[in-house]
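# Tertiary structure, described
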Amino acid sequence: MSATLPLLLGVPTTGAAALAVVPLSDRAAKALGVVATGATFLVAVVAATRFDYGAAARLQDTVDARWLPAIDVRFHLGVDGISLPLVALTALLTLLCAVWTCGSVPEPGRVRQLLALVLLLEVGVLGTFVAADLVLFFLFFEVVLIPMYFLIAAWGGPGRGPAATKFILFTLLGSALMLVGFLVIYAAAGTFDMVALADRHGRGIGAGTQLLAFVLLLVGFGVKSPMWPLHTWLPDAHTEAPTVGSVLLAGVLLKMGTYGLVRVAIADVPDGARRAAPAMGVLAVIGIVYAALACLGVARSRHGDLKRLIAFSSVGHMGFVLLGIATLTPIGIQGALIGNIAHGVITGLLFFLVGGVKDRFHTSDIEELGGGLLAKVPVLGGLTLFAAIASLGLPGLAGFWGEMLAMLGAYSPAAALSRPFFVVLMAVAGLGTVLTAVYFLAMLRRVTFGVVVGRWRDAPLPDAVAADLAAWIPLTLLALAIGLWPRLVLGISDAAVTGLFR
Amino acid sequence: MTEWAWLLPALPAVAAALGLVGWRLVPGGPAVVAIVGSAGALVVAVALVVAVEGDPARVHESARAWTPIGGIGLNVGTRVDGLAAVVAVMVCVVALLVQVYSTAYMAGDPRYSTYAAEISLFTSAMLLVVVASDLFELLIGWEVMGLCSYLLVGHYWQTEGARAAAVKAFVTTRIGDTGFLFGIFVLGVGAGSFDVSAVTAGAGSMPHTTVVAGALLLLCGVVGKSAQFPLHVWLPDAMAGPTPVSALIHAATMVAAGIYVVARLYPVFLAAPVALTVLGIIACITMLGAALAAFAEDDLKRVLAWSTVSQLAYMAAGLAVGGWTASVWHLLTHAAFKALLFLAAGSVLRTVGTNLMSEMGGLWRRMPLTFGTALVGAGALAGIPPFAGAFSKDGILAAAREHGGGLGTSVYVVGLVTVFVTAAYVTRLVLRTFLGSYRGHARLHEAPLVMTGPLVLLAGFAVLLGAPVLPSSYGVRSWFGVPAGSEPLHVGIGGVLLTSAVALLAVGLLAWQHRRQPATDPIDALGRAALPLRRAFWVDEAYSAVLIRPVHALAAAVVEIDRRGLDATVVGTGRTASLAGGGLRLLQNGNVQAYLSALVIGVLIVVISVSVAVAA
Amino acid sequence: MTGADVVFALLGVVCLAAAVLVVTSPNVIHAALWLVVCFGALAGCYLVLTAEFVAWVQVLIYIGAIVVLMLFGAMLTRAPIGPQPAGGAGGLDSGNRPLAALAGLATTGVLGTLVISAFRGAYVDIHHTAVGDGRVIGAAVFRFFVLPFEIASVLLLAALVGAIVLTRREVSDAEQADRA
Amino acid sequence: MHLSLAVGLSALLFGTGVYGVLARRNAVAVLMAVELMLNAANLDLVAFDAWFKDNLHGGQVFALFVVVVAAAEVGVGLAIVLAVFRLRDTVAVDALTQLADRDPPARADTVASDSAP
Amino acid sequence: MSVIQSIDYAAIGPPVVLGLTAVVVLLLDLFLPPSRRGAATWIALAGTLGALGFTGWLATDNARGTFCYPHAGCAYVTDDFTMFFQLLFLIVLVVVLLLSRSAIAEESLPTGEFHFLLLSSATGMLVLAAGRDLITLLVALEVVSLPAFVLVGLRRGDARASEAALKFFLFSVVSTGLTVYGMALTYGVTGTLQVDGIRSALDGVHVAGGPKSSLAAAAVVLVVVGFAFKVSAVPFHFWTPDTYQGAPVPVAAFLSTASKAAGFAGLLVLLFDAFGPYADVWGPVVAVLAAVTMTVGNLVALRQWHLVRLLAWSTVAQAGYMLVPLGVAATSAGRDIPELKSAGEALLIYLAIYVAMNLGAFACAIAVMRREPRGAITDLRGLVRRSPLLAIVFALFLTALAGLPPGVAGLFAKVVVLREAVHGHVTWLAVVAAVNAVIGLAYYLRVAALMFAGADDEEPVRAPTVAARRSPTVTAGVSISLAATLGLSVYPQPVFDFARHAVGVTNAAHP
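All chains use their own residue numbering, which begins from 1 and follows the written sequence. As they are written, the chains are lettered A onward and the ligands numbered 1 onward, keeping that order. Selection of residues for local features in this predicted model requires a pLDDT of at least 70, selection of side-chain atom pairs for listing and counting requires 80 or more, and totals for whole chains, interfaces and linings are taken over all residues. Here the side-chain values reflect all heavy atoms present in the structure, with hydrogen atoms and water set aside.

Let us now look at the overall build of chain A. Only DSSP runs of H or I with at least four residues qualify as helices, and only runs of E with at least two residues qualify as strands; both kinds are numbered from the N terminus onward. For chain A, the count of helices and strands is 22 helices and two strands. Here the globule rule reads 2.2 Å times residues to the power 0.38, and the radius of gyration is calculated from C-alpha atoms. The globule rule puts the C-alpha radius of gyration for 502 residues at 23 Å, and the 21 Å found for chain A is close to it. If one aligns the C-alpha atoms of chain A with their principal axes, the spans along those axes are about 70 × 55 × 40 Å. To sort residues, take the accessible area from a 1.4 Å probe on protein chains only and compare it with the maximum for the residue type: under 20% means buried, over 50% means exposed, and anything in between is partly exposed. Of all 502 residues assigned to chain A, the portion counted as buried reaches 71%. Carbon and sulfur atoms make up 66% of the accessible area of chain A, which totals about 13300 Å². Within this scheme the basic residues Lys and Arg register as positive and the acidic residues Asp and Glu register as negative, but His and the chain ends are omitted. By convention, the point assigned to a charge is CZ for Arg, NZ for Lys, CD for Glu and CG for Asp. Charge separation in chain A, taken as the distance between the mean sites of 31 positive and 26 negative side-chain charges, equals 3 Å. Only the protein chains shown count as cover for residues, and the accessible areas themselves come from Shrake-Rupley with a 1.4 Å probe.

Moving on, we come to the overall build of chain D. When helices and strands are counted, chain D shows four helices and zero strands. Reading chain D from its N terminus to its C terminus gives the helix and strand order α-α-α-α. Burial status across chain D gives 76% buried among its 117 residues. The long-range fraction of contacts in chain D, counting pairs at least 24 apart against all pairs at least 6 apart in sequence, stands at 53%. Of the accessible surface of chain D, which amounts to about 2600 Å², a share of 56% is contributed by carbon and sulfur atoms. When checking whether two residues touch, look at their non-hydrogen atoms; a contact exists if any pair is within 4.5 Å.

Contacts between the two partners involve 59 residues from chain E, matched on the other side by 54 residues from chain D. As used here, buried area is the combined drop in accessible area, with a 1.4 Å probe, of two parts when they are placed together. Of the roughly 4500 Å² buried between chain E and chain D on both sides combined, carbon and sulfur atoms contribute 72%. Looking at the side of chain E facing chain D, the largest losses of area belong to Tyr181(E), Tyr187(E) and Trp305(E), adding up to 16% of the total buried there. Any Lys or Arg side-chain nitrogen located within 4 Å of an Asp or Glu carboxyl oxygen qualifies as a salt bridge. There are two salt bridges connecting chain E and chain D. As a salt-bridge pair, Glu163(E) and Arg88(D) come within 2.7 Å of each other at their nearest N and O atoms. By the criterion applied in these results, polar contacts are pairs of N or O atoms within 3.5 Å in which, for protein atoms, one can donate a hydrogen and the other can accept it, and in which residues neighboring in sequence qualify only through two side-chain atoms. Our count for the chain E to chain D interface comes out at 13 residue pairs in polar contact (both at pLDDT 80 or more). Where the side of chain E that touches chain D is concerned, the elements lending two or more residues are α5 (134–152), α6 (159–190), α9 (239–246), α12 (307–323) and α17 (427–452) of chain E. The dominant element in the side of chain E that touches chain D, judged by the number of residues it contributes, is α6(E), at 23 residues.

Under the counting rule described, the total for this entry stands at 37 salt bridges over all chains. Lys168(B) is the salt-bridge partner of Asp540(B), the closest N and O atoms lying 2.8 Å from each other. Separated by 372 residues along the polypeptide, Asp540(B) in helix α22 (residues 539–587) and Lys168(B) in helix α6 (residues 160–191) bring together distant segments of the chain. Under the relative-accessibility criterion, Asp540(B) is labelled partly exposed at 32%. Note that Glu163(E) and Lys167(E) form a salt bridge whose closest N and O atoms lie 2.8 Å from each other. Of this pair, Glu163(E) and Lys167(E) are both found in helix α6, four residues apart, which corresponds to roughly one turn of the helix. A residue is classified by how much of its surface remains accessible, and Lys167(E), at 2% relative accessible area, is buried. Residues joined in a network through salt bridges with shared partners are Arg88(D), Asp101(D), Glu163(E), Lys167(E), Asp242(E) and Arg309(E).

For the rest of this paragraph, the subject is a nonpolar patch on the surface. Residue and element names in this part refer to chain A. Surface patches are defined over residues having more than 30% relative accessible area and no salt bridge, joining like charges when they lie within 9 Å and nonpolar side chains (Val, Leu, Ile, Met, Phe, Trp, Tyr) when within 5 Å. Together, Leu480, Leu484, Trp485 and Leu488 make up an exposed nonpolar region whose accessible area comes to about 330 Å². Following the sequence through the fold, leucine 484 ends up in helix α21 (residues 466–484). On the basis of relative accessible area, leucine 484 is assigned to the partly exposed category, the value being 44%.

By definition, a disulfide links two cysteine residues through a covalent bond between their sulfur atoms. Any two cysteine sulfur atoms within 2.5 Å of one another count as a disulfide. On inspection of all chains with the given rule, the structure shows one disulfide over all chains. The disulfide partner of Cys68(E) is Cys74(E), and the gap between their sulfur atoms is 1.9 Å. Every disulfide takes its handedness from the sign of the S-S torsion; for Cys68(E) and Cys74(E) that torsion is 80°, giving right-handed. In this structure Cys74(E) comes out as buried when scored by relative accessible area, which is 16%. This cysteine, Cys220(B), is not joined by any disulfide, and Cys284(B) carries the nearest cysteine sulfur, 18 Å off.

Points on a 1 Å grid, built from protein atoms alone, make a cavity when a 1.4 Å probe fits but cannot get out and make a pocket when they are open with protein on both sides within 12 Å along at least 5 of 7 lines; residues with an atom within 4 Å of a point are the lining residues. Grid points are joined across faces, edges and corners, and a volume is the space filled by probe spheres set on the points. Under the criterion given, the structure shown has 15 cavities of 30 Å³ or more. In this structure, the largest cavity occupies an estimated 170 Å³ of space. Lining of the largest cavity is provided by 16 residues; of these, Val224(E), Phe236(E), Val285(E), Val286(E) and Leu289(E) occupy positions nearest its centre. Looking at the lining of the largest cavity, the elements with two or more residues in it are α23 (592–615) of chain B together with α8 (211–231), α10 (249–274) and α11 (279–301) of chain E.

Turning next to the side chain of Ser4(D). Mapping Ser4(D) onto the fold places it in helix α1 (residues 3–23). Owing to a relative accessible area of 17%, Ser4(D) belongs among the buried residues under this scheme. A polar side-chain atom of Ser4(D) sits 3.5 Å from the main-chain carbonyl oxygen of Phe119(C). Setting aside chain neighbours within four positions, we find Ser4(D) in contact with Ile116(C), Phe119(C), Arg120(C), Gly121(C) and Leu9(D).

The next subject is the nonpolar core. To define a nonpolar core, start from buried Ala, Val, Leu, Ile, Met, Phe, Trp, Tyr and Cys residues and group those joined through side-chain atoms within 4.5 Å. If you look at the biggest cluster of nonpolar residues, it comprises 789 residues, and the most contacted ones within it are Phe136(B), Tyr150(B), Phe85(E) and Trp282(E). Sorting elements by how many residues they give to this core places helix α13 (residues 337–369) of chain E first, with 24 residues. Not counting the four nearest positions on each side in its chain, Phe136(B) is found in contact with Phe400(A), Met404(A), Trp66(B), Leu74(B), Leu181(B), Ile184(B), Phe185(B) and Phe194(B). Core analysis: the next-biggest nonpolar cluster, separate from the first, contains nine residues, Ala16(A), Ala29(A), Val111(A) and Ala116(A) among them.

Each partner contributes residues to the interface: chain D has 69 residues there, and chain C has 91 residues. With both chains or domains summed, chain D and chain C bury close to 6800 Å², and 76% of this area falls on carbon and sulfur atoms. At the boundary of chain D and chain C, one finds one salt bridge. In this structure, the salt-bridge partner of Lys53(D) is Asp125(C), at a minimum N-O distance of 3.3 Å. Here chain D is connected to chain C by 14 residue pairs in polar contact (both at pLDDT 80 or more). Mapped by element, the contributors of at least two residues to the side of chain D that touches chain C are α1, α2 (27–52) and α3 (58–88) of chain D. Counting residues per element, the side of chain D that touches chain C draws most heavily on α3(D), which supplies 23 residues. Partitioning the side of chain D that touches chain C into residue classes produces 48 nonpolar, 14 polar and seven charged. When residues are grouped by polarity, Ala, Val, Leu, Ile, Met, Phe, Trp, Tyr, Cys and Pro land in nonpolar, Asp, Glu, Lys and Arg in charged, and all others, Gly among them, in polar.

A separate point is the packing of aromatic side chains. Paired rings are identified among Phe, Tyr and Trp, the last through its six-membered ring, by centres lying within 6.5 Å, and are further divided according to the angle between planes into stacked (under 30 degrees), edge-to-face (over 60) and tilted (the rest). Applying the stated criterion across every chain yields a total of 65 aromatic pairs over all chains. Look at Trp401(A) and Phe136(B): their rings are 6.4 Å apart centre to centre, the planes differ by 55°, and that puts the pair in the tilted class. A residue pair is termed interchain when its members come from two chains, as with Trp401(A) in helix α18 (residues 398–411) and Phe136(B) in helix α5 (residues 135–153). Of the two residues, Trp401(A) and Phe136(B), both sit in the buried class. Ring geometry for Phe85(E) and Phe89(E): centres 5.9 Å apart, planes at 35°, overall tilted. Of this pair, Phe85(E) and Phe89(E) both sit in helix α3 (residues 80–106), separated by four residues, roughly a single helical turn. In this pair, the class of Phe85(E) matches that of Phe89(E), namely buried.

Okay, the packing of helix α17 (residues 378–391) of chain A against helix α19 (residues 419–447) of chain A next. All names here are of chain A. Taken N-terminus to C-terminus, the directions of α17 and α19 make an angle of 170°; their axes are 9 Å apart at the nearest point. Comparing their axes, α19 and α17 come out roughly antiparallel. Every residue of α19 that contacts α17 at Thr384, Leu385, Ala388, Ile389 and Ser391 is listed here: Thr436, Phe440, Leu441, Met443 and Leu444. Looking at the contact of α17 with α19 residue by residue, the classes come out as seven nonpolar, three polar and no charged. Every axis in this analysis is a line fitted to C-alpha atoms, fitted for helices over the stretch in contact. Angles between the N-to-C directions lie between 0 and 180 degrees. Here roughly perpendicular refers to angles of 65 to 115 degrees, roughly parallel to angles under 35, roughly antiparallel to angles over 145, and oblique to all remaining angles.

Quick look at the environment of Val22(C) now. Residues and elements named next belong to chain C. Looking at the element boundaries, valine 22 is found in helix α1 (residues 3–24). Relative accessible area serves as the criterion here: at 2%, valine 22 is assigned to the buried category. With 107 residues separating them in the primary sequence, valine 22 and threonine 129 have C-alpha atoms 33 Å apart.

Below you can see the structure in the form of structure tokens.
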């Protein structure tokens, strides 16, 4: 029993409640937001320092209390090597979002409510990552929906209403089916306890039941991830969401889906996973290529939106993550986990940068921006260049490891899977990496390079200010650090991942 | 000493980082940072050569655990032998000279600091490839080079050409790199480790298909990086970058990396003769085709670019026929004379303000030093003794002859023909640029010392790396640990004389033609036959038609599909639900009798179904 | 086929015919009168089935109270006396007739088939049955069914109050005046 | 006597009642039809009671309670019909469609467009 | 054998107290001056709380039975099942009384009669939950319904109110007709009117099969109609939106919670106890009805513009969710005894949570409609600025109905019923329910979002039509619902336990 995890959830909850109830001034609200997210981050850091890296496969810092014995639900929390990096990432990104908000509040203001929702969101995401009971997991999984809905619907762009609705309906559809999947598992295994379920490796659950459960979970988590063709909510949501919304959506919300696949689907119904993995792999790969082509289309189209492009790129990146999971190998799953983190860092950075662009140019339309970012705002432009390069999976930066390990996993998939089939998937995914480079470069070519068009030439646009840099630099460094020293993530999760297959 | 090899990539990398963000803190500014970085690396490289020289075949490895990747672990570290040390020196020398040269060439450029930092990063990446002990570590350097070439080729990003060329360079090499990555998978999984040593040691014992697949996939990357057919298209376009960058790319980094990796992983290729045959065929096509394209090119830098493609094909061909030593030697000589030629070209371009040879001519009068050094480079390229190229090239041809068989013969014959064409375009280049009368309008003047200095130095190398290093006991053969199974280096007088004769024949032919019609471009003599050469055999057009345009069309289609198809399905489902709601709503028309009818009929249906079900 | 069968059948025919007229008569007053006939015949049926008390209750409450109430209701709502064109505006039948016919026939068919096949051959021995007169039924109610009896009082009170509160208009106006 | 006679008649009466409920438009006539349905049930109850020789007399007692229920229903029903008549001047059940799923009144037309996702 | 059945007056205490209170309120109304008639609320509340206390006391006591038959079984039983429902009804009644107070004053409803009728209807519910024979169930059902017709039509000047009442009435009597006929047939098949007797008789009939078994199946369906009508299951739902819209909103709240719960009480007694042997017959029917009910309810709700009608359709949909656990009887695994028990438990849990959140939603609707009597959803736009707390609380209830956090109670409810469906191997039904949850969210969210939306440029800002003061009783009603919903969100275990005990006593234990 330790207080770390309750604190991890309690601090942002308290912060959210305080922000929601106490009528603070904007300044005070911003300060409180930073303090609350910062404190949460500190708690996460404490959790990371307390963590016994030698036993990363074991759930640590656990809290396990009776809650609803009538439906076998326990208040059971814990972190292990798989969840710890995600917890840290979430806490970090939320903190950066709060910092960023100090510098730039999206229309129509109301920073207090905004930050309250961000904190509530953080509770949901952190809770999802530390929950060790399926119902609790589901509860936290759902907690994020409403705040994100309002983040989009209240602070979003011109098409926010339908985008927010699509987001929430789509993800709820997924999570509702996911709940059915959980219940199928429960019906067969008789417990909601994720540790017990994972230990049991699906023993005693019939093959048909496992497949059913896995498919339901795949749809549920697939919507969140998002997996092609369940992704269509994502581009709209990202395009319309305010910067912090996009950052959190891409940076942490999507991770809940892939995390769930690893934590629940693969661990609890491995036999179902084995049978569905080829299909999952195919969808993942289609997603990779499809997203890349869509991005290319956006990057080249007359009125392409930068945020839409990055949103689509998320579909592709998460395709790699899903491919890694579909291989059912430790390597693939390691790839999925580091891919998760890398995508959170890099795409989070990209969305921050686009947010910076939007703050200055009041548009994210590629055609209207016209190019020459490097000339007009060199730091912003340069970081955009860096983030795009990182995002296209350049070795030495964080994005590489996820893609590489996913493909390496596909090269030698789990014994039960057809190797030639997965090698074909790997090859197609490789094609996707090329296309990814193509569209990012096409985007850079139109946006960061080139000459500044007339309407911006004399506009006094500031380059990065302190709040910007505070949000950008940590992510930049992290992308570099993870890229060069992937042990930062892989080292933590290794034991836990290999434990999944023991 | 070799445990300090990590400094080799690290020093330029630090220089790059400092140059990007912190150069203001350094006295002397970005130039000093960059030059000190390269110079430091050179010192390390030379020290390494000294350290390994006694037994160049011995591998000095120092590695530590990098990261677990799910069951297996990766290591990171350095792996130094004779080959690595010598190539490192080559890289550092060229890089240092390029940095020095650039201080003048890029003077006044507002983004000089970025430029210098990128070159440092480039150098660092190449050096990482050179010393990497792990295949993924190597891949990092390999791809960061791609990034740097992208950035440097696109340095003049105000111009459309530079932007396009940069993207083309990156994407084309990335296509190859994907194969390269898969090759790493195949070999690494086959060997059970991704260490270079493990892979080279294990190549022989791997299943044949595995090693062939691995080698062929690696070749994809090599073909892309070393600009071999069919992935050569990026290199001529890459001339859009600043000229010193071209020198760096063509001489010491990037393109050299491809050849270097084949040489480095030679045991793998030896275990997969099929791959070597494929490499040979590709090399043959490339060497002749590129030479022919060079002959028709009017742009001075593009001529040199095509020549690079062609010369790299020589090296590839040499490796294919087992001429390992000759190829690596040619790599060195080529680095010297190609850097020389590019820097000379840079010095020319800086004065005349154009790339087109049709607007040059007669420059020798005003730029004697440039002309002289360029002549040395040209001689080396054309394969005329006593310049270095003649001997290294002959080594390759000799190896081909030695190797025999279909492959050896093909390489030998095509190589000889290419010698002729090479000499022809080199002559044309010299004639059109330096001789005759000036056809442009610029005020001509010789370049400053920081630029000519490197020229002279490189010219020295272009001479010294030839015959002088051949016979001595400190000669080229003793620099590397020659892998078993490769052909020994055979450079005989007969071979050199033959190639020189072929080359001089071409020179003579061109000179005679020039004497007859000094004003015309020799290519015009070919008439309509020159068209395929001018268009570089329409490879770009073919790519555009077969690959690029379809992909773009597909991309546009996907956007539409997403909007009209998938998303419309989703929205449509929502709308259908709403419509269904609307339809069901019509039942709620307020007429209670209708309600009751529905009630009664509903009950009846249920009653009938359950009673029938029970009866059944 | 006994005499009871014959009597019951005859009463049944009368009852059914009257019932059909109740639901088809174009005049609501006539319909109410046919309802009387129907219920009367039904009371006869009850007598045949030895349910003496129920039969009298049928006569007293149904014919005496309920039908009269309906007649009043029909008249208070100014039901036109005399035949009305079927289906037309103000007619007694709605446009729902075809569906109604279908539903009615289907109901009869289904239920009739079910009950007749279920109770084929079942014979009611009316001669050896305790006649359900007032004493017997009263005893049954107070011995076994006190609870419904007590609730029924709530029901009736509620119905009474409800009917009053819905129909008294003037009082409500007065109440409003009070409030004002 | 045969039970089939009674239960058959009951089914016929019930069907007739159902027809009446669905076909009559005058609310009072509908009420009459409902009475037919209830009486059909009563006939069954009484017949079964006799058949079973139920010593609790459950069927007959139930029939009595049905009569009570019917009386209460008719009382309240007629009151409602009168109330309707007073406000609407009609007792035609199919004319009472003020409450139905309708489009909103003019000013709230934005709702309809909102509802399409 | 005594002449008159013995009566345990303590057992029937709660309905007696409530019924007497009803009469007292009615009589006092006659004698009190109009200005003092508001006291009726307090008297009724006092009576209700008294009944509640009585029930509470009974709940801690052992189960009792009274009005027993000579051989076995009683007509009135005070087991945990009864207690669960009686407590539920009484708590709802407290809230509805609070909510009605302002409506009575503002819409000039006759005070005494209103309270009398409301309490009578509730008395019927108390008996219904305890009744264990067909006559009692039928008469109690009528006692529930009859006052309700009048309550719906109580706005005497309003044509809509009487139309609503008439529709409700006609629908109800036809349903009653079908039910009575079904009861008659049940009697014919089993020879008894008593729940336990029917059960054992049907056991034999079901095993024997033949035409009699077919008839029994038909009878089961017919009997259920009257209760299915109460719970607004499709196709017995048509009256619901029209009636709710025409009725005073507190009455609609009462109908959608207490009355619906009463329907479920009857359904459970009948289906689990009396018709238990026929679970294989009604199981699939209920499963299909559940699916159709939630789907139809949700789909039509998508297209509503009137707040109360929207809530009406939402209650239809919610009825579908509540039927889901009963649908487990569609499979042989689901008819397993422990499974059926936990299905009943799930239904009770859902019902309790539903009642809390739905009552809350109606309470908020009442609070809103005191200012925006038109009831259009669009009138809610920007409510958060006019009354932020109300908007937040309303949104909480709506999200709870949708089954999403922060309305965690609703989420528990969904988890519980889906768990039953999956456990009983009717996974398809769980999937249908899951999909329906999404459709449901669409309209709940639309309302919630409107409350938080900014001002619409096209729509001019209007002054509230009624200069409404905040009504303390409405606030109290909202608060109770809120407390209940929050309590069920944080620590619903006691209610879950209660539900488990409540189904423990039904005869599902030995079908």
